[in-house]
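In case you want the letters, here they are:
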Amino acid sequence: MISRRQRRKIVNDLMLTLTAVCCFTTVASLFVILGYLLYNGGKSLDWNFFTKLPLPAGELGGGMGNAILGSIQIVAFAAAIGLPVGLFAGIYLAEFEDKNFAFLVRYTADLLNGVPSIVVGIFAWTLIVVPMRGFSAFAGSVALSIMLIPIVARNTEQFLREVPTFLREGALALGASKWKTIATVVVPAASKGILTGMILGVARIAGESAPLLFTSLNNQFWTSSINQPTASLPVMIFLRAVSPYEDWHRQAWAAGLVLIVMVFLANIAARYILARGVSVPRG
Amino acid sequence: MATNVAVVPAVKRRIQVGDAVARIVTAAFAGVILLICLVLIFELWIHAAPARNKFGLSFLIGTNWDPVAGDFGALPFIYGTIVTSLIALFISVPLGLGAAIFLSELAPAGLSSGLTFLVELLAAIPSVIYGLMAIFTLEPLMRSYIAPFLRATLGFLPFFQGPSYGVGYLTAGMILSIMTFPFIISVSREALLAVPREQREAALALGATKWESTRQVVVPYARLGIMGSIFLALARALGETMAVTMVIGNTPTIAASLFAPGYSIAAVLANEFTEATGTLHPATLINLALVLFLITIVINGLARLLIIATTGKGTARA
């Protein structure tokens, strides 16, 4: 017979082991995904992938040079719109808080962050594509910037709040005005955290495809203007993966590998910046 | 050395004006966030008008989807969206909660932060890559192993009957479950870490085992935050587009079997929006987007309130 005490001990050990199993199962899925991408993507990746244009179905080879460039173009423009707006909104939320308005903005930012990306894509379509009568990289950038703004705003706010009050008081006591204190003391003190948030935000939007489906669409060729439909890496992966052609599947894996390497490098860089420098003592 | 400098009134005024300008400028940028949200609702509402006027609320319960005949019913998409999300939660809640308990209660600090970083990387993977995995690895696996196994063991239930083509509700739900892990794990972990130490110590002092203290004291204490994490994951799963589009099967029908191909709101938007012609078809799709938007807003709103209630430091971050 197992005594009550032994039973409790067994249940305890069993359940605690199970939680560990849960944890390692979930983390294992990351390595399974990475493994598949490295294996399937690695064997399909070659120099042509980065430099050549995509070929029509049936012809072997070709690359996604235009999609890589297009992604960079779309994301850079989205960052140019979204980062400043997010930064200043974050500064407002942390430093100038007018209770009700700030709460409303904060809550709205969180809700906006949770809006499905496909809905953001349709919104950008109604806002840009319809009045401008055409798909364009610009429309895609607007869609991505809408996703970027709440991320950057909330992150900036959070890191500004971690700047100790005595730094602000010190600056104010020296006679600096409030905005001078913010610009020369508070923001620089939180700069590493803010930068980390920006990198993570940009990495996040760089992988989005749903908002680009109806905005920047796709293109078989190199594009030079932001008013043209433009190819992007995530959209290309989607179109290649759902196609029936073996060679296109191969390219989808290669593109997936390139995308994930970019996203993970950004994540690791962000971590590194943050780990190297919480530049002020937390007080 | 401290000296008494009388602040010149002009300088004082300039400083005050500068601060006021800074406040207004930053407030304007903060207002952009509100504006985006309002314009988003307005634009969707306006563009959905033709569909709303034609079908009204019966749109939500119609089961026929025929763009050529101009007959649109949203129920198959709403059904598919809800079913796939529930499958995802059914898998990810127990696993994610278990993992969160391990990370907050058992793992040594170094291991815990390392594993948490890996979980966050899981959240950083673009959804199209989850779709890629689902199409080329999960789909064949489903067809040849998972579906036959479920049919053999649980086949008496209506959910696990009929043939599997690899794509369908279950495949979409499974890939969604992996995508929702990070939300459940990181938010639940924070909620569990916020439980005061005394709660654990009191339970242990009364003779509870570690597991008993966790299950009967720590988890109930953090329940609102855990609920919040589940709602957050649910909102995420409901709105997820690419991965679901790639494996749900894209068939606007309602089937009891989870092996059957179906459709979701986000998937039909992704597939049909660029090709929609005329006024009614695009308007109907935008109406669907509005439905999806409202569902996710309500669930997200609930999640945020629950998380605020537990962590108590303003709106928590995801």
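Residues numbered from 1 in each chain as written. Chains lettered and ligands numbered in written order. Predicted model: local features only at pLDDT ≥ 70, side-chain atom pairs only at ≥ 80, totals over all residues.

## Structural notes on the interface of chain A and chain B
Then step 1. The interface of chain A with chain B comprises 76 residues on the first partner and 72 residues on the second.
Then step 2. Among the elements that make up the side of chain A that touches chain B, the one with the highest residue count is helix 1 (residues 4–42) of chain A (18 residues).
Then step 3. Across the side of chain A that touches chain B, the residue classes break down as 51 nonpolar, 16 polar and nine charged. (Contact = placed C-beta atoms within 7 Å. Helix = DSSP H or I, 4+ residues; strand = E, 2+ residues; numbered from the N terminus. Nonpolar A, V, L, I, M, F, W, Y, C, P; charged D, E, K, R; others polar.)

## Some details on helix 1 (residues 9–47) of chain B
Then step 1. Between the first and last C-alpha of helix 1 of chain B there are 55 Å, a value that for 39 residues agrees with the 57 Å anticipated at 1.5 Å per step.
Then step 2. By the burial criterion, the buried members of helix 1 of chain B are Ala22(B), Thr26(B), Phe29(B), Ala30(B), Ile33(B), Ile36(B), Cys37(B), Leu40(B), Leu44(B) and His47(B). (Expected span 1.5 Å × (residues − 1). Buried ≥ 20, exposed ≤ 12 C-beta atoms within 10 Å, placed from the backbone.)

## Remarks on the domain arrangement of chain A
Residues and elements named next belong to chain A.
Then step 1. Domain annotation for chain A reports domain 1 (4–43) and domain 2 (48–276).
Then step 2. Computed over C-alpha atoms only, the centres of domain 1 and domain 2 are separated by 32 Å.
Then step 3. Counting from both sides, the interface comprises five residues of domain 1 and, opposite them, five residues of domain 2. (Domains from an automatic or database assignment.)

## Observations regarding unusual backbone geometry
One can expect most non-glycine residues to show negative phi and most peptide bonds to be in trans.
Residue and element names in this part refer to chain A.
Then step 1. For Arg-133, which is not a glycine, the phi torsion comes out positive at approximately 55°.
Then step 2. The topology assignment puts Arg-133 in the loop between helix 5 (117–132) and helix 6 (137–161).
Then step 3. Within the chain, Leu-217 stands out as a residue other than glycine whose phi angle is a positive 55°.
Then step 4. Tracing the sequence through the fold places Leu-217 in the loop between helix 9 (191–206) and helix 10 (233–241).

## Quick word on the environment of Pro76(B)
All names here are of chain B.
Then step 1. Checked against the element boundaries, Pro-76 lands in helix 3 (residues 75–106).
Then step 2. A count of 22 C-beta atoms within 10 Å places Pro-76 in the buried class.
Then step 3. Placed 23 residues apart in sequence, Pro-76 and Ala-99 show a C-alpha to C-alpha distance of 34 Å.
Then step 4. Among all residues touching Pro-76, those that are not within four sequence positions of it are Thr-63, Trp-65, Pro-252, Thr-253, Ile-254, Gly-262 and Tyr-263.

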